[in-house]
Structures are given as structure tokens and as C-alpha cells.
Amino acid sequence: MFGLIIEFTIDAFVGFGSVGRIVQELYDTAEERGFECCIAYGRGDAPDGYNTYKIGSKAGVIEAGIESRILDNHGFASRNATKRLIAFIEKFNPDVINLHSIHGYYLNIKILFDYLHKTHRKVVWTLHDCWPISSHSGFIQLNDAGKIPQYESKYDSTQYPKNLWWHRKSKNYFKKESVFTQIEIQDLVLVTPSVWLKNLINISYLSKYDCRVINNGIDLSGPRIKSVQVK
């Protein structure tokens with residue numbers, strides 16, 4: 001008989017938006033199967049009836065947003081909030097840590113991944129966009145050589161996460177590479193919702209990790225488009 005599995009999930013939202021609803025549904029499924037669960041989130045409010053931890057504050061999100069727009073250091077603010085999160089994780093003592101959208105003005109990725117590297121807990125990281133492997137934006141286009149660009153165009157700074165002044169896109173690429181690749185191969189599994197994103201992961205600096213495709217589900221009980229006969 002297996003013992004109790006304790007699962008900890010980190011995302012920007014819970015119960016709101018596409019990823020936030022996925023996180024909520026995963027919690028429901030895991031709890032039904034006997035897992036003890038907790039969701040840490042950084043934005044908005046959590047629905048009632050869930051074991052949650054709020055990362056930081058609204059003022060902290062605003063401060064991180066200002067840093068991101070002026071200094072182009074998205075993901076490297078929220079220092080104290082991330083340290084408090086780590087203290088909570090240590091107290092909760094999970095067997096598995098699930099990561100989802102770790103951008104969104106609420107986390108310091110270096111502090112978090114330094115901890116994940118040292119703690120050797122099992123980590124499952126579901127990537128919902130290209131931000132973890134880009135120099136700046138959430139979506140990337142391959143260069144003429146078919147590779148992920150280490151420096152994106154000035155236009156990309158106008159996309160999420162917006163940057164208005166100091167551009168550090170080339171530096172950010174290598175900072176992310178250093179931060180995200182320090183976890184031991186056996187401690188991290190990547191998940192993508194599509195083969196397309198997995199193919200990008202396979203030519204990125206995250207290619208050394210096991211990456212699996214788990215497609216997002218859809219509700220088949222809702223309205224359906226009926227076939228129409230063309231006269």
C-alpha cells in the first residue's frame with residue numbers, strides 16, 4: 001500500500017483563466033485519488049474549499065511589474081515573497097512540486113530554482129508558452145537557421161511582458177538558461193500541451209530533460225457544431 005503523496009502546485013492564478021482552471025482541476029483529481037494538495041498562487045483570489053497559499057501581495061505584483069517594464073528583469077523581482085514561499089514549502093514538505101506559469105510579476109525564478117536545485121524534490125513543470133526558453137516574450141519565432149534566437153527584436157519588447165526602457169534580452173536568455181538548467185535531470189520532468197511546444201523544447205537549453213506531451217482536455221458535453229448541408 002502506498003503512503004500519502006503530498007503535492008504542491010505553483011501558478012499565477014487558481015480557478016481563473018485557462019491555466020488557473022487547469023490547476024484547479026488537477027487539484028480536484030489528485031485529491032480524489034488520495035493526495036494531500038496545496039496550491040500557491042500570486043494573482044487574484046482563490047475559490048473557497050481549496051488549500052492555498054497566497055504568494056506576496058498586490059503591491060508586490062505592482063512593484064515587480066514596474067521593475068519588469070523599466071529594467072527588463074521579468075521573473076527576477078519578488079525576492080522577499082519568494083523567500084517566504086520557500087519557507088512555506090519547507091513547512092508543507094511536499095513529495096512533488098508542480099510548476100505551471102511561473103511568470104506574471106509574482107515570483108523570483110532564480111531564488112526558486114536555486115532552492116529546487118538544492119532540495120532535490122521531484123518537480124513536474126508544465127510549460128504553457130515559450131517564455132521559459134525565450135529571451136523575453138511568451139512566443140518565439142525561430143531564426144533563419146531554425147534555432148531559438150538568443151536576442152529578440154525590439155518589437156518583442158512591446159509584447160507581454162512589456163518593456164519600456166532598458167533592454168536586456170540577450171542577457172536574460174543566458175540568465176534563464178543558467179537558472180532553469182541547474183536542476184538535476186532525474187529531479188525534473190517537463191510537460192507540454194502540444195507536440196509543437198515539445199519540439200521547441202527539444203531544440204532549447206531544456207532539451208536534456210524528459211519532456212512529455214499531455215494534451216489539454218475539452219468538455220465534450222457542451223454545445224456542438226452540427227453539420228450543415230450546403231444547397
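Our structure's up above, just so we're on the same page.
Below or above, wherever it landed, is the structure these notes cover. Just so you know, these numbers come straight off a predicted model, no measurement behind them.

**A word on the overall build of the chain**
Argument step 1. Looking only at helices and strands, the chain has six helices and seven strands in total.
Argument step 2. Burial analysis of the chain (231 residues in total) assigns 45% to the buried set.
Argument step 3. Here the contacts in the chain between residues at least 6 apart in sequence split such that 68% fall between residues at least 24 apart.
Argument step 4. Accessible surface, the chain: about 13000 Å² in total, of which carbon and sulfur atoms supply 54%.

**Thoughts on the pairing of strand 5 (residues 122–126)**
Argument step 1. Pairing of strand 4 (residues 96–99) with strand 5, which is carried by four bridges, proceeds in the parallel orientation. Residue pairing across strands places N98 opposite V124, the latter belonging to strand 5.
Argument step 2. Summarising the sheet, strand 5 and strand 6 (residues 188–192) pair through four bridges and their orientation is parallel. The residue bridging V124 from the neighbouring strand is V189, located in strand 6.

**Some remarks on the sheet that holds strand 4**
Argument step 1. Taken in spatial order, the seven strands make up an open sheet running 3-2-1-4-5-6-7, and their pairing is parallel. At either margin of the open sheet sits one strand with a lone partner, and together these are strand 3 (52–54) and strand 7 (210–213). The mean angle between the axes of side-by-side strands here comes to 20°, regardless of whether they run parallel or antiparallel.
Argument step 2. Two strands pair when backbone bridges link them, and strand 1 (residues 6–11) and strand 4 are joined in this way by four bridges, in the parallel orientation. Bridged to F8 within strand 4 is I97.

**Observations regarding the nonpolar core**
Most often, soluble globular proteins keep nonpolar side chains buried together rather than apart.
Argument step 1. If you look at the biggest cluster of nonpolar residues, it comprises 45 residues, and the most contacted ones within it are I10, L99, F113, W125, F180 and L206.
Argument step 2. Among all residues touching L99, those that are not within four sequence positions of it are I10, L112, F113, L116, V123, V124, W125 and T126.
Argument step 3. With nine residues, the next largest nonpolar core counts V19, I39, Y41 and Y50 among its residues.

**Some words on the pattern of salt bridges**
Argument step 1. According to the stated counting rule, one finds five salt bridges in the structure shown.
Argument step 2. For E67, the salt bridge goes to R79, with nearest N and O atoms at 3.1 Å. Of the two residues, E67 is situated in helix 2 (residues 58–71) and R79 in helix 3 (residues 79–92); the sequence distance between them amounts to twelve residues.
Argument step 3. We note a salt bridge from K122 to D187, for which the minimum N-O separation is 3.2 Å. Here the residue K122 occupies a position in strand 5, and D187 occupies one in the loop between helix 5 (169–180) and strand 6, the gap between them amounting to 65 residues.

Definitions and cut-offs
- Within any chain, residue numbers begin from 1 and follow the written order of that chain's sequence.
- Totals for whole chains, interfaces and linings use all residues, but because this is a predicted model, local features are given only for residues with pLDDT of at least 70 and pairs of side-chain atoms are given and counted only at 80 or more.
- To obtain the side-chain values, all non-hydrogen atoms of the structure were included, while hydrogens and water were left out.
- Helix and strand definitions follow DSSP, with helices as H or I runs of at least four residues and strands as E runs of at least two, each counted in order from the N terminus.
- With a 1.4 Å probe rolled over the protein chains alone, any residue whose accessible area is under 20% of its type maximum counts as buried; one over 50% counts as exposed, and the rest are partly exposed.
- We call two residues contacting when some pair of their heavy atoms lies within 4.5 Å.
- We get accessible surface area from the Shrake-Rupley algorithm with a probe of 1.4 Å; when it comes to residues, only the shown protein chains can shield them.
- We treat two strands as partners when DSSP finds at least two bridges between them.
- Lines fitted to the C-alpha atoms define the axes, with helices restricted to the stretch that makes contact. Angles between their N-to-C directions range from 0 to 180 degrees.
- Residues belong to a common nonpolar core when they are buried Ala, Val, Leu, Ile, Met, Phe, Trp, Tyr or Cys residues joined through side-chain atoms within 4.5 Å.
- Whenever a carboxyl oxygen of Asp or Glu lies within 4 Å of a side-chain nitrogen of Lys or Arg, that contact is scored as a salt bridge.

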